[in-house]
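Structural characterization, general
If you want the building blocks of each chain, they are given just below.
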Amino acid sequence: MKKNPLKLLFPKGRFWTIGIPYFWLLMFFALPFAIVLKISLSTPAIAIPPYEALYQYADESLHILLNLGNYLLVFQDSLYVNAYLGSLKMAFITTIGCLLLGYPMAYAIARAPKQHQTVLILLVMLPSWTSFLIRVYAWMGILSNNGVINNVLMWLGVISDPIQMLNTNFAVYIGIIYTYLPFMILPLYANLSQLDGSLLEAAADLGSRSLNTFWKITLPLSKGGVIAGSMLVFIPVVGEFVIPELLGGPDSLMIGKVLWQEFFNNRDWPVASSLAIVMLGLLIIPITLFHRYQSKSMEKTV
Amino acid sequence: MNNRLNKPSFSTIMLWAGMFFLYAPMFILVFYSFNESKLVTVWGGFSAKWYGELFRDEQILDAVWTSLKVAFFASTMAVILGTMAAFVMTRFARSWGRMTLSNMITAPLVMPEVITGLSLLLLFVHMADLFGWPAERGMLTVWIAHSTFCAAYVAVVVSSRLRELDMSIEEAAQDLGATPLKTFFYITVPMISPALIAGWLLSFSLSLDDLVIASFASGPGATTLPMVVFSSVRMGVSPKINALATLIILMVSLIAFISWYMARRADKRSRMASD
């Protein structure tokens, strides 16, 4: 008896449970991208906001004006092309760096005694909880000409003049690997800790040497973790702005920095929008790879 | 036996080298925050005077307050949105709607911040143009931006917890006549509360930390702490920022320790209950 009105209530609750987050995300996540796309096709103007409308209605006719000039500019101007290439190169090298350093770390944590694992993972994650701005700032003090490294080296007598490290690409590599390392370790650890140990024992029983076992069994089985971790590093690094701005020099050209300058310094909103759209286009493959891995790993736990 | 075969030496060495790499810069920073000298990297004796300077800096104090307010409200909203989305992702039948929702909610996890920030700013400008709201960008717009990207993290944390839950308890409650709403608040919420707290704390620290999205979404009225730090750091290294950084590191370590301790206690309790 009592259940009937409640049953009627259920679809309503269901409606709100889906409806609220759905509306929010459409409004504040999907719609903004549509607007970026729209502005990337408009003509810059000296006005507020600094671009012209896409369509005009006058004399009973609708004029739709799609300006492809911004995209042409993005693809033809060597500044932008070099910034994209610089970002991709930076993202590629730092992803490899994070992988080379992070994989053994994740492996060691996954092999540690169970009760130590949570503490070790917490220790890896803890730095990424503190302000990343402050961690980048810490490197400014370490790498600068009168910073810790140069001081120690000069005190030891290894060098007589400080080595220029801050404001170079080297500093940007260090800063990015440092900041993104935990994002590489976490998915790798999640993957490696689920690895079936009996497979490794079987390989050893059959006479496989450890390095061989690693290449033939451990590495292929952790492919999902490697992909997820690499994408979690690669994608945000392509758009990175703060690290090249603080640690890099004039020659460390990255697209996130250029976009920021176009938007805030030159106030060219249409070009900034097309830069963002092209960046998204470059990232479509890595983003799909990441999503595929994530939905796969989510299904596995069901 | 296994250990010997897996070359523990190399990976363990790498683990400690990596930990050193992660922590050395922060220890150096904390050490130099007690430097008497005005030059950040020249040691001039032990002093806590920069902490005093820090607490006299109105601009920084204002920014701290703004950041804390935004982070508090954004993480609360993110927990609400993220939990609802996680519930849809784990409890509702697979459908087109569920797919798009889970794609949309996890997308901010990897989206480059400049793109998210730029697109949100353009949205706010458009909305102001069309119906005059938001009249100017400030705390409200930063709150919206932070809620959106923090919800992604909450959804991931909460949905993994929801998947582990034994659904028969919820079903039993409903069979005994509890409404879905009642079941949710009396049965599900207490069971997922560690994940809710973890998601809230994670969102709080993410919101406190965010510079890029806040720079795009905020107006002249709302300057968050990372924005102040960024503009002062761009001018050069300053000992006051060392002191501030030390306090932030201390606070975060404390929060991390508390959440770890609570998670461990909850884990122990649930293990005792199941024994």
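The structure we're discussing is the one just above.
To keep things clear, this report deals only with the structure shown in the data block. Keep in mind it's a predicted model, so treat the numbers as computed, not measured. (Residues numbered from 1 in each chain as written. Chains lettered and ligands numbered in written order. Predicted model: local features only at pLDDT ≥ 70, side-chain atom pairs only at ≥ 80, totals over all residues. Heavy atoms only, no water.)

Each helix and strand in chain A was counted, giving 13 helices and 2 strands. Principal-axis analysis of the C-alpha atoms places the extent of chain A at approximately 85 × 85 × 35 Å. Looking at the 302 residues of chain A, the share that counts as buried comes to 52%. Long-range contacts, defined as pairs at least 24 residues apart, comprise 70% of the intrachain contacts of chain A with a sequence gap of at least 6. For chain A, the exposed area adds up to about 15,100 Å²; of that, 68% sits on carbon and sulfur atoms. (Helix = DSSP H or I, 4+ residues; strand = E, 2+ residues; numbered from the N terminus. Buried < 20%, exposed > 50% of the residue type's maximum accessible area, 1.4 Å probe, protein only. Contact = heavy atoms within 4.5 Å. Areas by Shrake-Rupley, 256 points an atom, 1.4 Å probe, with all protein chains shown as cover.)

Turning our attention to the interface of chain A and chain B. Reports of interface size often rely on the accessible area that becomes lost once the parts have come together. Taken together, the 95 residues of chain A in the interface contact 93 residues of chain B. Interface area for chain A against chain B, summed over the two sides, is near 8,700 Å², with a carbon-plus-sulfur share of 80%. It is Trp24(A), Trp129(A) and Tyr137(A) in chain A that bury the most area against chain B; as a group they hold 10% of the surface buried on that side. Between chain A and chain B we count 1 salt bridge in total. If you tally residues by element for the side of chain A that touches chain B, the top one is helix H1 (residues 3–40) of chain A, at 24 residues. Of the residues belonging to the side of chain A that touches chain B, the class tally is 72 nonpolar, 15 polar and 8 charged. (Buried area = accessible area lost by both parts, 1.4 Å probe. Salt bridge = Lys/Arg side-chain N within 4 Å of Asp/Glu carboxyl O. Nonpolar A, V, L, I, M, F, W, Y, C, P; charged D, E, K, R; others polar.)

Turning our attention to the nonpolar core. Ranked by internal contacts, the top residues of the largest apolar core, which has 169 residues, are Val242(A), Leu275(A), Met279(A), Val114(B) and Phe216(B). In contact with Val242(A), not counting residues within four places along its chain, are Phe132(A), Leu133(A), Leu211(B), Val212(B) and Phe230(B). (Core = buried A, V, L, I, M, F, W, Y, C linked by side-chain atoms within 4.5 Å.)

Once that is clear, we can look at helix H10 (residues 223–238) of chain A. Think of an α-helix as turning once every 3.6 residues; residues three or four places apart then point the same way. Over its 16 residues, H10(A) extends 22 Å from the first C-alpha to the last, a length consistent with the 22 Å expected when each residue adds 1.5 Å. H10(A) sits mainly inside the fold: 14 of its 16 residues count as buried. (Expected span 1.5 Å × (residues − 1).)

Nonpolar side chains collect at one region of the surface, where Ile197(B), Leu254(B), Phe257(B), Ile258(B), Tyr261(B) and Met262(B) lie side by side and expose about 560 Å² of accessible area between them. A total of 5 residues in the nonpolar patch trace back to one element, the largest contributor, which is helix H12 (residues 239–274) of chain B. (Patch = residues over 30% accessible without salt bridge, like charges linked within 9 Å, V, L, I, M, F, W, Y side chains within 5 Å.)

Turning to the packing of helix H4 (residues 58–91) of chain B against helix H9 (residues 180–209) of chain B, a few remarks are in order. Residues and elements named next belong to chain B. Put simply, H4 and H9 touch, their axes get as near as 8 Å, and they point 135° apart. The orientation of H4 with respect to H9, classified from their angle, is oblique. The crossing of H4 and H9 is right-handed. Residues Ser 67, Leu 68, Val 70, Ala 71, Phe 72, Ala 74, Ser 75, Thr 76, Ala 78, Val 79, Thr 83 and Phe 87 of H4 form the contact with H9, whose own contacting residues are Phe 184, Thr 188, Ile 192, Leu 196, Gly 199, Trp 200, Ser 203, Phe 204, Ser 207 and Leu 208. (Axes fitted to C-alpha atoms, helices over the stretch in contact; angles between N-to-C directions. Parallel < 35°, antiparallel > 145°, perpendicular 65-115°, else oblique. Left-handed = near helix turned anticlockwise from the far one by under 90°.)

Looking now at the packing of aromatic side chains. Tallied over the full model, the rule gives 27 aromatic pairs over all chains. Centre to centre, the rings of Trp24(A) and Trp143(B) are 5.8 Å apart; their planes meet at 90°, and the pair counts as edge-to-face. Of this pair, Trp24(A) sits in helix H1 while Trp143(B) sits in helix H7 (residues 139–164), each in a different chain. Plain terms: the ring middles of Phe87(B) and Phe92(B) are 6.4 Å apart, the flat faces sit at 75° to each other, and that makes the pair edge-to-face. For the pair Phe87(B) and Phe92(B), one class covers both residues: buried. Each residue in the set Phe241(A), Trp260(A), Phe263(A), Phe264(A), Trp269(A), Phe216(B) and Phe230(B) is aromatic and connected to the rest through ring pairs, giving one cluster. (Phe/Tyr/Trp six-rings, centres within 6.5 Å; stacked < 30°, edge-to-face > 60°.)

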